[in-house]
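Listed below are the residues making up each chain.
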Amino acid sequence: MKSLWVVVVVVLAQATAVGVYLWVENARTAEVRFVAETLDVPAPALVVETTPGSAGATAHSLDLATVQEPVVLVHFWATWCVPCAKELPGLIAASRAAGVPLWAVTDESWDVVKPFFGGNIPLEVVHDSAGGAAARFGVSGLPDTFVVQNGRITSRMGGPRAWATKGARSFLGELPSR
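Q: An account of helix α5 (residues 166-173) is needed here, citing residue identities and associated values.
A: What sets the pattern is the α-helix's 3.6 residues per turn: residues three or four places apart point alike. Within the sequence span of α5, burial applies to A168, F171 and L172. On an axial view of α5, the arc spanned by its buried residues comes to 95°, and they lie on one face. Exposed positions of α5 whose direction lies more than 90 degrees from the buried face are K166 and G173. Packed against the buried residues of α5 are β4 (71-76), α2 (82-98), β7 (144-149) and β8 (152-158).

See below:
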């Protein structure tokens, strides 16, 4: 009789442990709401150097007030920023999948950026050749992402985001496309 009680207690303890485990795992994998700060301010112009190609890099002005795209993501990052390194590949993939142009702005030299990408710098990565773009945008920490629509900053996402999530896809899908 005593051994039956031991078996019952052990089975109940195991069932409780499995239940707690499943509850914790469900909470851990639950979709985190994709949050963006809503803004409505003029976007400053950017002077950037595009990714060096066979003919070399080209510096030109990307004036967000006159850009032909209805929406552009402007993302500030750095190679030394661990959250940036984790986030950037997902952001590039998500922007491509959604058809939303991305300018991933860094103030680091191409010599620093090139090894970060194994020698193949994505076209979305641009260099802040004039300097000060992050300050003009009001970046207070990295990474920092802005949605620019028709020359105005309409959203800001300070800190890293999980761009492969349903919430991120929904957010990008609601932006105007070409």
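Q: Any details on the nonpolar core? Residues and values, ideally.
A: Counting 26 residues, the largest nonpolar core has L73, W77, V125, W163 and L175 as the members making the most contacts within it. Sorting the residues of this core by element identifies β4, α2, β5 (102-106), α3 (110-116) and α5 as the ones contributing at least two each. Counting residues per element, this core draws most heavily on α2, at five residues. Contacts of W163, omitting those with residues within four sequence positions, involve F34, E87, G90, L91, A94, T145, M157, A168 and L172.

Q: Hey, could you go over the packing of aromatic side chains for me, with residue numbers and the actual values?
A: Scanning the entire structure with this criterion turns up eight aromatic pairs. Plain terms: the ring middles of F34 and W163 are 5.1 Å apart, the flat faces sit at 65° to each other, and that makes the pair edge-to-face. Taken as a pair, F34 in the loop between α1 (2-29) and β1 (37-42) and W163 in the loop between β8 and α5 lie far apart in primary sequence, 129 residues in all. In terms of burial, F34 and W163 fall into one category: buried.

Q: Tell me about α2, residues and numbers included.
A: Its 17 residues give α2 an end-to-end C-alpha distance of 25 Å, which sits within 8% of 24 Å, the value for a rise of 1.5 Å per residue. Taking the largest bend as the criterion, α2 deviates by roughly 30°, centred on L88, and proline P89 comes between one and four positions later. Among all positions in α2, only C84, E87, L88, L91, I92, A94 and S95 are buried. In the core, the buried residues of α2 are packed alongside β4, β5, β7 and α5. Residue G99 follows α2 closely and has a positive phi angle near 70°.

Q: So, the environment of C84: which residues are in play, and what are the values?
A: Mapped onto the elements, C84 comes out in helix α2. Between the C-alpha atom of C84 and that of P143, which follows or precedes it by 59 residues, the distance is 5.5 Å. In this view, C84 contacts W77, A78, L142 and P143; residues no more than four positions away in its chain are not counted.

Q: Which residues make up the confidence of the model for the protein chain, and what values do they have?
A: Across the protein chain, the average pLDDT comes to 86, with 87% of residues at or above 70. The secondary structure element of the protein chain with the lowest average pLDDT is strand β3 (residues 59-62), at 60, and the one with the highest is α2, at 96.

Q: I'd like a rundown of the state of the cysteines, residues and numbers included.
A: For the structure on display, the rule yields one disulfide. There is a disulfide in this structure between C81 and C84, and the S-S distance comes to 2.4 Å. One quick way to see it: the torsion about the S-S bond of C81 and C84 is about 75°, and its sign makes the bridge right-handed. Comparing C81 with C84 shows no difference in burial state: the two are buried.

Criteria and thresholds
Residues numbered from 1 in each chain as written. Predicted model: local features only at pLDDT ≥ 70, side-chain atom pairs only at ≥ 80, totals over all residues. Heavy atoms only, no water. Buried < 20%, exposed > 50% of the residue type's maximum accessible area, 1.4 Å probe, protein only. Helix = DSSP H or I, 4+ residues; strand = E, 2+ residues; numbered from the N terminus. Arc of directions from axis to C-beta. Contact = heavy atoms within 4.5 Å. Core = buried A, V, L, I, M, F, W, Y, C linked by side-chain atoms within 4.5 Å. Phe/Tyr/Trp six-rings, centres within 6.5 Å; stacked < 30°, edge-to-face > 60°. Expected span 1.5 Å × (residues − 1). Bend = angle between axes of the 7 residues up to and from the residue. pLDDT = per-residue confidence, 0-100. Disulfide = S-S within 2.5 Å.

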